[in-house]
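# Structural characterization, general
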Amino acid sequence: MSLKFITAEEAASLVKNGDNVGFSGFTPAGSPKAVSVEIAKKAEAEHAKGNPFQIGVFTGASTGDSLDGVLTRAKAIRYRAPYITNTEFRNAVNAGEIAYNDIHLSQLAQEIRYNFFGKMNMAVLEACEVTPDGKIYLTASCGISPTVARLADKIVVELNSAHSKNIMGMHDIYEPLDPPYRREIPVYKPNDRIGLPYIQVDPAKIVGVVEVNLPDEARGFTPSDPVTNQIGQNVADFLASDMRSGCIPSTFLPLQSGVGNIANAVLGALGRDKTIPAFEMYTEVIQDSVIDLMRNGRMKFGSTCSLSVTNECLQSIYDDIDFFRDKIIMRPSEISNNPEVVRRLGIIYMNTAIEADIYGNINSTHISGTRMMNGIGGSGDFTRNAYISIFSCPSVAKGGKISAIVPMVSHHDHSEHSVNILITEQGIADLRGKSPSERAKTIIENCAHPDYKEILFDYLKMAGKGQTPHCMSAALALHDTLNKKGDMRLINWEDYL
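These figures come from a predicted structure and were not determined experimentally. (Residues numbered from 1 in each chain as written. Predicted model: local features only at pLDDT ≥ 70, side-chain atom pairs only at ≥ 80, totals over all residues. Heavy atoms only, no water.)

## Brief notes about the layout of surface pockets
We count it as follows: Buriedness for pockets is judged along seven lines, at least five of which must meet protein on both sides within 12 Å for an open set on the 1 Å grid over protein atoms alone, while cavities are sets there where a 1.4 Å probe fits but cannot get out, and lining residues have an atom within 4 Å of a point. Grid points are joined across faces, edges and corners, and a volume is the space filled by probe spheres set on the points. Here a strand is any run of E in DSSP of at least two residues, a helix any run of H or I of at least four, and the numbering for each starts at the N terminus. Think of it as three bins: nonpolar holds Ala, Val, Leu, Ile, Met, Phe, Trp, Tyr, Cys and Pro, charged holds Asp, Glu, Lys and Arg, and polar takes everything else, Gly as well.
Approximately 290 Å³ is the volume attributed to the second largest pocket. Taken together, 19 residues line the second largest pocket, and the ones lying closest to its centre are His104, Gln107, Pro339, Gly380 and Asp381. Taken together, the elements giving at least two residues each to the lining of the second largest pocket come down to α5 (105-113) and α14 (379-383). For the lining of the second largest pocket, the per-class residue count stands at three nonpolar, 11 polar and five charged.

This is the structure:
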């Protein structure tokens, strides 16, 4: 069967109001960049005629502006899952204009298969190669591509020549069976291969191939500063100490690291600490810092869902593919984030928090409890199943007006039952084996900023006795003070008694 080459506009014409469309990509890496723009133009044209036009959007995680951004500005999104970073999309969600479902990344593909969201009408996949017999070779990520490709009525392939065909062979495409027939995911070490290097589809479903030459809309991250560097050093010091004590095997364990400047600072500190042996990663995202660690011999292997690196870094991988081919593997998100595999491999999990409370509960997603930031992403997949779960954040924000350590989190994503270690630039709180009251004293003493220690200890005295002491009239008083006075330090506890 021969492939049919069409324009992005022709591909968009196949999308109808109310359709569910699954896109490739996990972060901007591997996301379509042409068809989505034409879908946005179609939405604007239909709206100008007075006609409704909105679609459901399903991706592996966040995407670039040419997907989330343009569709948001065109008011073309009715429903979106599972994770976002685009500012305009975030504003629309917080204004109540888009139905956003913040789903654990490991669960979305299977929930699509379970038909929780209805029919998948179209899949739009970015590829570096597609063959007449239905083999689709993805670019810099996997996401939910295998599932939406298999279930969609129609498939459009964006054949992107900006990505080298050298990347062919670096993917490991595997879909588990659904209950009651599911077996174990046969990943027993990070570099195990269990699937195919391509997505195999019925070629009759490929309604068109759109040729493009568009680089990924790679995101840069804020450079490290003294605070993030100290957080990174604290994490490395803790892990080195835990290894010396025998809690972590002397061979070390695979790491999972979040995204951003704190994650980069942590990885940099781990790379510099030569008491920690060269290590592996079983993670959802690889950043530039990981590639540097590989080149320096500090990272042996990286299993990921996405090469979320700068375009310069990605090109360097393509140019040196013989070096990287046996050091990187890309998997679908339900495998890269699979809780069963995380528990089996003994992953050391590290991520950032918006805020933590004095008992170790974590808010990863909402500002002041109501405004969505990005979403839970894969943090829930890893936290509960990790060998050690570590959350870190600066102790204060907005010049000290906001404390990241509060009496009670304003939104609850990860419970105290799943959080082992809390780290700020102030220090390390090891919560393992401690009762709630012991946790509270440890967190305040080691992680809270000096401006807030007395404030938090005063709250603890007010809370009195009990298994998990709280003064319910004052539990969110710091947040209320911020809303009213603009600075948590201006709290007057007597106002809340």
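We are not done yet, so read on.
## Here's the deal with the pairing of strand β25 (residues 421-424)
What counts here: Any residue under 20% of the maximum accessible area for its type is buried, any over 50% is exposed, and the rest in between are partly exposed; the area is computed with a 1.4 Å probe on protein chains only. Between any two strands, pairing holds if DSSP finds at least two bridges.
Burial of the side chains of β25 extends over both faces: Ile421 and Ile423 are buried on one face and Leu422 and Thr424 on the other. The pairing of strand β21 (residues 388-392) with β25 spans three bridges and is classified as parallel. Looking at β25, one finds that Ser392 is bridged to Ile423. Taken together, the four bridges between β25 and strand β26 (residues 427-430) define a ladder with antiparallel strand orientation. Considered in β26, the bridge of Ile421 is made with Asp430.

## Here's the deal with empty space enclosed by the protein
Enumeration over the complete set of coordinates arrives at two cavities of 30 Å³ or more. Its volume calculated, the largest cavity comes out at about 60 Å³. Considering the residues around the largest cavity, the lining is formed by Ser257, Gly258, Val259, Ile262, Ala263, Val266, Met350, Asn351, Thr352 and Ser392. Those elements giving two or more residues to the lining of the largest cavity turn out to be α8 (261-272) and β16 (348-352). Residue composition of the lining of the largest cavity, by class: five nonpolar, five polar and no charged. Estimated volume of the second largest cavity: approximately 50 Å³.

## Some points on helix α2 (residues 35-48)
What counts, and what does not: Helix span, expected: 1.5 Å multiplied by one less than the number of residues in the helix.
For α2, with 14 residues, the first-to-last C-alpha span of 20 Å sits near the 20 Å given by 1.5 Å per residue. Residues Val35, Ser36, Glu38, Ile39, Ala40, Ala43 and Glu46 constitute the buried set of α2. Immediately downstream of α2, the backbone of Gly50 shows phi near 90°, a positive value.

## Some points on the sheet that holds strand β24 (residues 405-406)
Across a sheet, paired strands are connected by hydrogen bonds in the backbone, their directions being either parallel or antiparallel. With mixed pairing, three strands are arranged side by side in an open sheet as β18-β17-β24. Bordering the open sheet on either side are β18 (362-363) and β24, each of which pairs with just one other strand. Examined bridge by bridge, strand β17 (residues 355-357) and β24 share two bridges and lie parallel to one another. Note on β24: the bridge partner recorded for Asp357 is Val406.

## A closer look at the nonpolar core
How we decide: Only buried residues count toward a nonpolar core. Its members are Ala, Val, Leu, Ile, Met, Phe, Trp, Tyr and Cys residues joined through side-chain atoms within 4.5 Å.
The biggest cluster of nonpolar side chains holds 115 residues, and the ones touching the most others in it are Ile136 and Leu239. Within the second largest apolar cluster, 46 residues are counted, among which are Ile362, Leu460, Ala474 and Tyr496.

## Focus: the pattern of salt bridges
For the record, the criterion: Here, a salt bridge means any Lys or Arg side-chain nitrogen found within 4 Å of an Asp or Glu carboxyl oxygen.
For the coordinates displayed, the defined rule picks out 27 salt bridges. Here Glu129 and Lys165 are joined by a salt bridge, their closest N and O atoms 3.0 Å apart. Of this pair, Glu129 sits in strand β5 (residues 122-130) while Lys165 sits in the loop between β7 (154-160) and β8 (199-200), and the two are 36 residues apart along the sequence. Residue Lys165 is classed as partly exposed on the basis of its relative accessible area of 47%. If you follow the salt bridges from partner to partner, you end up with Arg113, Arg150, Glu175, Asp178, Arg182 and Glu334 in one network.

## Focus on the packing of aromatic side chains
Heads up, the rule is: A pair of Phe, Tyr and Trp rings is counted when the ring centres sit within 6.5 Å of each other, with Trp represented by its six-membered ring. The angle between the planes then sorts it: under 30 degrees is stacked, over 60 is edge-to-face, the rest tilted. In this scheme, the term charge over a ring applies when either NZ of a lysine or CZ of an arginine sits within 6 Å of the ring centre and within 35 degrees of the ring normal.
Applying the stated criterion across every chain yields a total of 11 aromatic pairs. Relative to Phe324, the ring of Phe323 lies with its centre 4.9 Å away and its plane at 90°, an arrangement referred to as edge-to-face. What makes Phe324 buried here is its relative accessible area of 0%. Note that Arg80 overlies the ring of Phe89, its terminal NZ or CZ placed 5.8 Å from the centroid. Over the face of the ring belonging to Phe323 we find Lys327, whose NZ or CZ atom lies 4.0 Å from the ring centre.

## A few points about the environment of Ile55
Rules: In this analysis, two residues are considered to be in contact whenever any of their non-hydrogen atoms come within 4.5 Å of each other.
For Ile55, the position within the fold is in strand β2 (residues 55-58). Sequence separation between Ile55 and Val15 is 40 residues; the distance between their C-alpha atoms is 8.5 Å. Setting aside anything within four residues of it in sequence, one finds Ile55 in contact with Val15, Lys16, Asp19, Val21, Ile39, Ala76, Ile77, Arg78 and Tyr79.

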